[in-house]
Amino acid sequence: MLTRARKRLVAGLVALVAVSGATLVAAPPASAANGCNVEYVRSNAMNRTVPVCIVSAGGGGPKPTLYLLDGLRAPNNNSGWLINTDVARYMAGKGTNVAIPFGGGGSFYTDWQSYDPKLGNNKWETFLTRELPGYMAARHGSDNRRNGIAGLSMSGTSALNLASRHPNFYKAVASYSGYPTVTLPGFTQGIQASIIEMGGNPTNMWGFYPAGSWFQNDPFLSAGNLAGKHVYISSGSGVGSKYDSSVNPTSSNFDPVKFAQMIPLEVAASTSSQLYVGRVALVPGVKLTTRITPDGAHWWDYWQSTFKESWAKTFRPAFF
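Cut-off values and rules
Residues numbered from 1 in each chain as written. Predicted model: local features only at pLDDT ≥ 70, side-chain atom pairs only at ≥ 80, totals over all residues. Heavy atoms only, no water. Helix = DSSP H or I, 4+ residues; strand = E, 2+ residues; numbered from the N terminus. Contact = heavy atoms within 4.5 Å. Areas by Shrake-Rupley, 256 points an atom, 1.4 Å probe, with all protein chains shown as cover. Phe/Tyr/Trp six-rings, centres within 6.5 Å; stacked < 30°, edge-to-face > 60°. Buried < 20%, exposed > 50% of the residue type's maximum accessible area, 1.4 Å probe, protein only. Disulfide = S-S within 2.5 Å. Core = buried A, V, L, I, M, F, W, Y, C linked by side-chain atoms within 4.5 Å. Salt bridge = Lys/Arg side-chain N within 4 Å of Asp/Glu carboxyl O. Pairing = 2+ DSSP bridges. Polar contact = N/O pair within 3.5 Å; in protein donor to acceptor, adjacent residues only side chain to side chain. Axes fitted to C-alpha atoms, helices over the stretch in contact; angles between N-to-C directions.

(A) Broad picture of the overall build of the protein chain. Broken down by element type, the protein chain carries nine helices and eight strands. Considering only intrachain contacts with a sequence separation of at least 6, the fraction spanning at least 24 residues in the protein chain is 77%. Within the structure as shown, the protein chain displays about 12400 Å² of accessible surface, and the carbon and sulfur contribution to it stands at 54%.

The following block contains the structure:
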């Protein structure tokens, strides 16, 4: 349970993040590529070709597919998952196709209501639930029955939203340091600030809040649709990092800039994730795994670790 003091602290952090330009749902920027084969998938909905790095399950027979989404600053020619983690190599030989689309920075991987002059024509929900699955079935033997989706930070929110909106398509979903309380005061403003930081207009996404489709895209409100699904939720507390002492205020190499970039984001993610866990735990038949750690920063080393745990405890049991 979250204490009143902690709730006030997080509310203050969310407000600080929103007004200071430090983005509530930011993942660290990506910078290089490796790990799997890039293929180019046509999206008629977005009127462009989307690069997708694919780890093929190999062998014959129908195969499950895991869709792995990038964070807020996702580049158009790479993915932070390939740059900062070894998940592509880790998934080799697991009998599962892994599809890692490039791009989507600032999009929340949703279908936007309007074209955005900076972020373009975003119809990611259509691409991820119809166009890319069709390609994966035709080229890589995906059975389009055993599907999973996962994301971090911005796309942790997106993964839970897509799984809730398309419960007949996904069997399993994972969110690492996501913000699944979209319409909770403070988090709405953080999402809007994130899109603005990327140069976009948040009104073009789900309309003018509280009108438009904001409430229809809040995973907290649609959690009931995950009945019978495998769900994995993780976040750190934002209190230091076992991987990086520079975000620990008591450390001799404490870096206040890095602390400001990584810790408030994870504190807010922890609060949002814990609220969501309390909600989804009430859903009949849900197979829930959580990893809310007493430490943790908003960074890839934690997401690599929790991805591997989610494979073992959530996706593999859902697929096989």
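(B) Fine view of the packing of aromatic side chains. Going through the model one piece at a time under the given rule, you end up with 17 aromatic pairs. Seen in terms of ring centroids, Trp300 and Trp303 are 5.1 Å apart; in terms of plane orientation they differ by 85°. Their pairing is edge-to-face. With Trp300 and Trp303 both in helix H9 (residues 300-319) and three residues apart, the pair spans about one turn of that helix. The pair formed by Trp300 and Trp303 is uniform in burial state, with each residue classed as buried. Note on Phe315 and Phe319: the rings are 6.1 Å apart at their centroids and 35° apart in plane angle, and the pair reads as tilted. Residue Phe315 and its partner Phe319 are located together in helix H9, separated by four residues, close to a single helical turn.

(C) Fine view of the state of the cysteines. Across all of its chains, the model carries one disulfide by this definition. Disulfide partner of Cys36: Cys53, at an S-S distance of 2.1 Å. Between Cys36 and Cys53 the disulfide shows an S-S torsion of about 135°. By sign, it is right-handed. Pair noted here: Cys36 is in the loop between helix H1 (4-20) and strand S1 (37-43) and Cys53 is in strand S2 (residues 48-55), with a separation of 17 residues, a long-range link. As far as the burial class goes, Cys36 and Cys53 line up, both buried.

(D) Geometry of the nonpolar core. Counting 44 residues, the largest nonpolar core has Val52, Phe127, Leu128, Leu132, Ile149 and Met205 as its most contacted members. Taken together, the elements giving at least two residues each to this core come down to S2, helix H4 (124-140), helix H5 (154-165), strand S6 (170-176), helix H6 (187-197), helix H7 (203-206), strand S7 (230-235) and helix H8 (256-280). Top contributing element to this core by residue count: H4, with six residues. Apart from residues no more than four positions distant in its own chain, Val52 is found in contact with Asn37, Val38, Glu39, Val41, Ala99, Ile100, Pro101, Phe127 and Leu132. The next biggest cluster of nonpolar side chains, apart from the first, holds 26 residues, and it includes Trp81, Phe102, Ala172 and Phe307.

(E) Up close: the pattern of salt bridges. Under the definition given, this model contains seven salt bridges. Residues Asp86 and Lys308 are paired through a salt bridge, measuring 3.1 Å at the closest nitrogen-oxygen approach. Residue Asp86 is located in the loop between helix H2 (80-84) and helix H3 (87-91), and its partner Lys308 is located in helix H9; the two are separated by 222 residues in the primary sequence. A relative accessible area of 22% means that Asp86 is categorised as partly exposed. Arg165 is the partner of Glu125 in a salt bridge, and the nearest nitrogen-oxygen pair spans 3.0 Å. Here Glu125, found in helix H4, pairs with Arg165, found in helix H5; they are 40 residues apart in sequence, far enough to count as distant. A relative accessible area of 7% means that Glu125 is categorised as buried. The partly exposed category is assigned to Arg165, whose relative accessible area is 35%.

(F) Region of the structure containing the pairing of S1. Relative to S2, S1 runs antiparallel, the two being bridged by seven bridges. The residue bridging Ser43 from the neighbouring strand is Arg48, located in S2. Between S1 and S2, which follow one another and run antiparallel, lie four residues, and Asn47 among them has a positive phi close to 55°.

(G) Representation of the pairing of S2 within the structure. Burial within S2 is extensive, with six of its eight residues counted as buried. As judged from the four bridges shared by S2 and strand S4 (residues 97-101), these two strands associate in the antiparallel manner. Looking at S4, one finds that Cys53 is bridged to Ile100.

(H) Region of interest: the environment of Lys63. Inspection of the secondary structure puts Lys63 in strand S3 (residues 63-68). Its relative accessible area of 8% is what places Lys63 among the buried residues. Not counting the four nearest positions on each side in its chain, Lys63 is found in contact with Ala57, Gly58, Asn97, His140, Gly141, Ser142, Asp143 and Arg146. Of note is the side chain of Lys63, whose polar atom sits 3.1 Å from the backbone oxygen of Gly59. Looking at Lys63, its side chain comes within polar contact range of the main-chain oxygen of Gly61, at 3.1 Å.

(I) Quick peek at the sheet that holds strand S8 (residues 287-292). Read across the sheet, eight strands follow the order S1-S2-S4-S3-S5-S6-S7-S8 without closing on themselves; strand pairing throughout is mixed. Both edges of this open sheet fall to S1 and S8, since each of them pairs with a single strand only. Across this sheet, the average inter-strand angle for adjacent strands is 20°, counted without regard to direction. In this structure, S3 lies alongside strand S5 (residues 142-152), joined through five bridges in parallel fashion. Opposite Leu66, over in S5, you have Gly148 as the bridge partner. On the sheet, H5 packs against S5, S6 and S7 and is oriented at approximately 145° with respect to S5. Contacts from H9 reach S3, S5, S6, S7 and S8, with the element oriented near 165° to S6.

Function-wise, these values are silent; they only describe arrangement.
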